[in-house]
Amino acid sequence: MDSQFKIRFAERMNQLPPYLFGMINKMKMEKRWKGDDVIDLGMGNPVDPAPGPVTEKLCEVAVDPKSHRYPVAGGMKNLKREIALYYDRTYGVNLNGENDVICTIGSKEGISHLSLVLLGPGDTVLVPAPAFPIHVYAAVIAGANVLRIPLTTEDTFLEQIEVMCKSLFPAPKLVMLNFPHNPTGQLASKEFFTEVVKLAKKYNFMVINDFAYAKVTFDGYVAPSFLEVPGALDVGVEFGSFSKSYNMAGWRLGYCVGNSQIIEGLSKIKGYYDYGIFSAIQVAGIVAMRDCDDFINEQASVYEKRRDVLCDGLVRMGWEVDIPKAGMFLWVKIPAPYDKMGSIRFSVEMMERANVAVSPGAGFGEEGDGYLRLALVENEHRILQALKQMRRAMKDIDQEIEAGTFILEDK
């Protein structure tokens, strides 16, 4: 290799910190390669199977040579129609299924490319904090400024939006929402969405709602769609995903619905970047949307039982737990004295000592440090085993602290 030759990355790469979840996943895989049985509570990666009819349809269509050609970039007409019908029967939202629906390679890809459509240098986006990384860094990659609004009460959040709209010049161009929220599980009411729309029209900002956890809800709770409220279609769009509701995470199938002008912009830029989703996956998606509502409810019940087991176990260990009504995670504060380590070091200790992978809250921004996000993807037996191993690891740390061989906080 020529030592005189230098690889030069674009300046935007300097704006991207190390991806903490990639670090945790690397540690997990290295331990598994060595033969360790790592229980993964870190990534929201479903281990349960997709609905049988969906997988069967995928296999049926995949052997047809016609499906091996380039697909329709913005999504098959019939799939877009099913998405529109789903919104009509579930939320009472009237979509035509043509210029107000587009299929994406998962919601993460769609949000990334839509940020390139809507944002550029000098633009500002408001994001709830803590935040799923793509909600921040899609805007950063697009060259925009990101201002984080701490998630507290709905009224306080709305007040902060208005304060920033009044005080900034130019005013914020976009508000990125994510309810039910990842990582905290916080919810939003229809009244909150109504006020967001009023502010959007008053201060002329657009709205994106990442609705990936729309149907993973518990205790009878029903998550509202942003598009349900009057005027929402005038100001924004909503992203949905097949990953969580149908256990189709690796299939990379999602969608964006709402304002037709925003959808048109996303369609235009995707035309330069990709050719859409494998046709067999799109056809399987039609089956999921049309025939698998019962499966969604059954899967949510599975997550609810796992939630209860994990919450109960943590409470027995002395942790403070807010029981979520939606999402596939727990957002929990690391108890004293272990909180002095910070979430990254605590997560590394749990991986090394307990063979349990967890997501450090710091991966969602500085507001998340001191917290963990625990995924509900393992079965109940594995969750109980993870709790046992974590409890044993923390007991070992206690003994080392007492012996003076473990320092909680670096001076």
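Structure: above.
Basis of the calculations
- Residues numbered from 1 in each chain as written.
- Predicted model: local features only at pLDDT ≥ 70, side-chain atom pairs only at ≥ 80, totals over all residues.
- Heavy atoms only, no water.
- 1 Å grid on protein atoms, 1.4 Å probe; cavity = no way out; pocket = protein on both sides within 12 Å on 5 of 7 lines; lining within 4 Å.
- Points joined across faces, edges and corners; volume = space filled by probe spheres on them.
- Helix = DSSP H or I, 4+ residues; strand = E, 2+ residues; numbered from the N terminus.
- Nonpolar A, V, L, I, M, F, W, Y, C, P; charged D, E, K, R; others polar.
- Pairing = 2+ DSSP bridges.

Undergrad: Would you mind going over the layout of surface pockets with me for this structure?
TA: Empty space among the atoms becomes visible once a probe the size of a water molecule is rolled across them. One number sums up the size of the largest pocket: a volume of about 560 Å³. Elements represented by at least two residues in the lining of the largest pocket include exactly helix H1 (20-33), helix H4 (106-118) and helix H5 (133-141). When its residues are assigned to classes, the lining of the largest pocket shows 11 nonpolar, 11 polar and 5 charged. The computed volume of the second largest pocket comes to approximately 420 Å³.

Undergrad: Explain unusual backbone geometry to me, please; I cannot follow it from the model alone.
TA: The phi torsion of most residues other than glycine is negative, and most of the peptide bonds are trans. With an omega of 25°, the peptide bond between asparagine 182 and proline 183 qualifies as cis. Turning to its location among the elements, proline 183 is positioned in the loop between strand S5 (174-177) and helix H7 (190-203). The residue after alanine 336, namely proline 337, is reached through a cis peptide bond having omega 0°. Position of proline 337 relative to the elements: it lies in the loop between strand S9 (329-333) and helix H12 (343-354). The backbone of asparagine 247 shows a phi angle near 55°, a positive value even though the residue is not glycine.

Undergrad: Got a minute to help me understand the sheet that holds strand S11 (residues 359-360) in this structure?
TA: Each strand in a sheet pairs with its neighbour through backbone hydrogen bonds, running either in the same direction (parallel) or in the opposite one (antiparallel). The strand order across the open sheet built from 3 strands is S9-S12-S11, with neighbouring strands paired in antiparallel fashion. On the outer flanks of this sheet lie S9 and S11, each paired with one strand and no other. Pairing of S11 with strand S12 (residues 371-375), which is carried by 2 bridges, proceeds in the antiparallel orientation. Residue serine 359 lies in a different strand from S12, and its bridge partner there is arginine 373.

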